[in-house]
Amino acid sequence: MEMNVSNNEEQVVAKKLGGLNPALILPILLAIGYLIYYFVLGSPGNFKPDPRLTGASVALSDIELKEVTPEGFMGIIYMGGPIVPILISFMIIVIVFSIERALVLKKAAGAGNVDNFVLSVRRLLNQNKVDEAIEECDRQQGSVGNVVKEGLTTYKALSHDSTMNKEQKMVALNKSIEEATTLEMPMLEKNMMILSTLGTVATLVALLGTVIGMIKAFHALGSGGGTPDSAALSIGISEALINTALGIGTSAVAIIFYNYFTSKIDGLTFKIDEIAMSIQQSFAEFH
């Protein structure tokens, strides 16, 4: 007897809910980060010529950074150097994939309150009302509803099967629930690795920018002999601190969202396990 009674349409829906494709989205977000750095933060309107210089105003692309001073916060960030667009891209990636995970997990939780759904299904199972419980799954939908419906459909099929003993039926029922859970879990956990990775990598990349800035600062100290270049020294220190701030901020946001979504996934998994146990207990009691 075929125990896999999953609806193909539900499997297609689960795949559609899987979220964004990193191979396609990441290069686009990196490009957006660089565009923001060069055309928004690097806009000539965010800078003014150094008051110590004489002559007419010139475009930012025609002069050295040490010959201008930032007029606002965006100009200050631009002074962070070549590592800044990478860190900006990292922040954009964290924000985009956090929003994507939030939407996917909201759909995975289903249409109604998950706790109420679990209580309702358990109550119906205690009364051996399998058909009503399946209808409840149809109303709930989402990952929890899909897994429970798979288990209940198999439950219903096994209850009318006369070719297997009770122990074999329990094994088949458990296998069906495990397979349904395995089908849904990749959709819940997809792209979580991106948030986890950026939570660590952003700090390391920022550290690289910090080191580069400090190298420039110490070079300014040594290259001027007895009179160090104060402008180059300040730019080097500023670059180091800007990279540090961006990296720490990006890493903190990534870690916070990663832990939040992990707790959400664990909660959904717990609900699935809770109902799965109720399904097995109900089957053992009534069949």
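Residues numbered from 1 in each chain as written. Predicted model: local features only at pLDDT ≥ 70, side-chain atom pairs only at ≥ 80, totals over all residues. Heavy atoms only, no water.

The subject of this paragraph is the overall build of the protein. The helix and strand inventory of the protein stands at ten helices and two strands. Counting from the amino terminus, helix and strand elements in the protein follow one another as α-α-β-β-α-α-α-α-α-α-α-α. Carbon and sulfur atoms make up 62% of the accessible area of the protein, which amounts to about 15,300 Å² in all. (Helix = DSSP H or I, 4+ residues; strand = E, 2+ residues; numbered from the N terminus. Areas by Shrake-Rupley, 256 points an atom, 1.4 Å probe, with all protein chains shown as cover.)

A word on the nonpolar core. Grouped together as the largest cluster of nonpolar side chains are 63 residues, with contacts concentrated most on Val148, Leu152, Leu188, Leu268, Ile275 and Ile279. At twelve residues, the largest contribution of residues to this core is made by helix 4 (residues 84-109). Those residues within four positions of Leu268 in sequence are excluded, and the remaining contacts are Leu105, Ala108, Ala109, Val114, Val144 and Leu188. (Core = buried A, V, L, I, M, F, W, Y, C linked by side-chain atoms within 4.5 Å. Buried < 20%, exposed > 50% of the residue type's maximum accessible area, 1.4 Å probe, protein only. Contact = heavy atoms within 4.5 Å.)

This paragraph deals with unusual backbone geometry. Most peptide bonds take the trans configuration, and most residues that are not glycine carry a negative phi. Non-glycine residue Asn128 carries a positive phi angle of around 60°. Looking at where Asn128 falls in the secondary structure, it is placed in the loop between helix 5 (114-126) and helix 6 (130-140). Of note, Asn191 is a non-glycine position whose phi angle comes to about 70°, a positive value. Along the chain, the position of Asn191 falls in the loop between helix 8 (166-189) and helix 9 (192-223). Take Asn191: its relative accessible area is 7%, and that puts it in the buried class.

We now examine the confidence of the model for the protein. Parts of the prediction with low pLDDT should not have their coordinates interpreted in detail. Averaged over all residues, the pLDDT of the protein equals 83, while 85% of them reach at least 70. Throughout residues 1-17 the model reports pLDDT below 50, and contacts reaching past four residues in sequence, or to other chains, amount to 21 contacts. Scored below 50 in pLDDT, residues 53-63 makes ten contacts in the model with residues more than four places away or belonging to other chains. (pLDDT = per-residue confidence, 0-100.)

Now for the packing of helix 5 against helix 10 (residues 230-286). Here helix 5 crosses helix 10 at 5°, and the two axes come no closer than 9 Å. As the angle between them shows, helix 5 and helix 10 are arranged roughly parallel. Packed against helix 5, whose contacting residues are Val114, Asp115, Phe117, Val118, Val121, Arg122, Leu125 and Asn126, the element helix 10 presents Leu268, Lys271, Glu274, Ile275, Ser278, Ile279, Ser282 and Phe286 at the interface. (Axes fitted to C-alpha atoms, helices over the stretch in contact; angles between N-to-C directions. Parallel < 35°, antiparallel > 145°, perpendicular 65-115°, else oblique.)

What follows deals with the side chain of Lys271. Note that Lys271 resides in helix 10. When neighbours within four sequence positions are excluded, Lys271 is seen to be in contact with Val114, Asp115 and Val118.

A word on the pattern of salt bridges. In total, this model carries seven salt bridges according to the counting rule given. Note that Arg122 is salt-bridged to Glu274, the shortest N-O span being 2.8 Å. On the criterion of sequence distance, the pair formed by Arg122 in helix 5 and Glu274 in helix 10 is long-range, its members being 152 residues apart. For Arg122, a relative accessible area of 32% gives the class partly exposed. A salt bridge links Glu239 to Lys216; the shortest N-O distance between them is 3.0 Å. One end of the pair, Glu239, is in helix 10; the other, Lys216, is in helix 9, with 23 residues separating them in the sequence. (Salt bridge = Lys/Arg side-chain N within 4 Å of Asp/Glu carboxyl O.)

For helix 2 (residues 22-41), every residue scored as buried is listed here: Ile25, Leu29, Gly33, Tyr37 and Leu41. Those residues of helix 2 that are buried lie in contact with strand 1 (47-49), helix 3 (73-78) and helix 4.

A separate point is the environment of Leu221. Position of Leu221 relative to the elements: it lies in helix 9. Residue Leu221 is classed as partly exposed on the basis of its relative accessible area of 38%. As for Leu221 and Leu233, which are separated by twelve residues in sequence, their C-alpha atoms are 6.7 Å apart.

Attention shifts here to the packing of aromatic side chains. Here the distance between the centres and the angle between the planes together describe a pair of aromatic rings. One pass over the full model with this rule turns up six aromatic pairs. Here the aromatic rings of Tyr37 and Tyr38 are separated by 4.9 Å at their centres, their planes lie at 80°, and the arrangement is edge-to-face. Using a relative accessible area of 5% as the deciding quantity, one classes Tyr37 as buried. Ring centres 5.5 Å apart and planes at 75° place the aromatic pair Phe47 and Tyr78 in the edge-to-face group. Of this pair, Phe47 sits in strand 1 while Tyr78 is found in helix 3, placing the two residues 31 residues apart along the sequence. Taken individually, Phe47 and Tyr78 each receive the classification buried, so the pair is uniform in this respect. (Phe/Tyr/Trp six-rings, centres within 6.5 Å; stacked < 30°, edge-to-face > 60°.)

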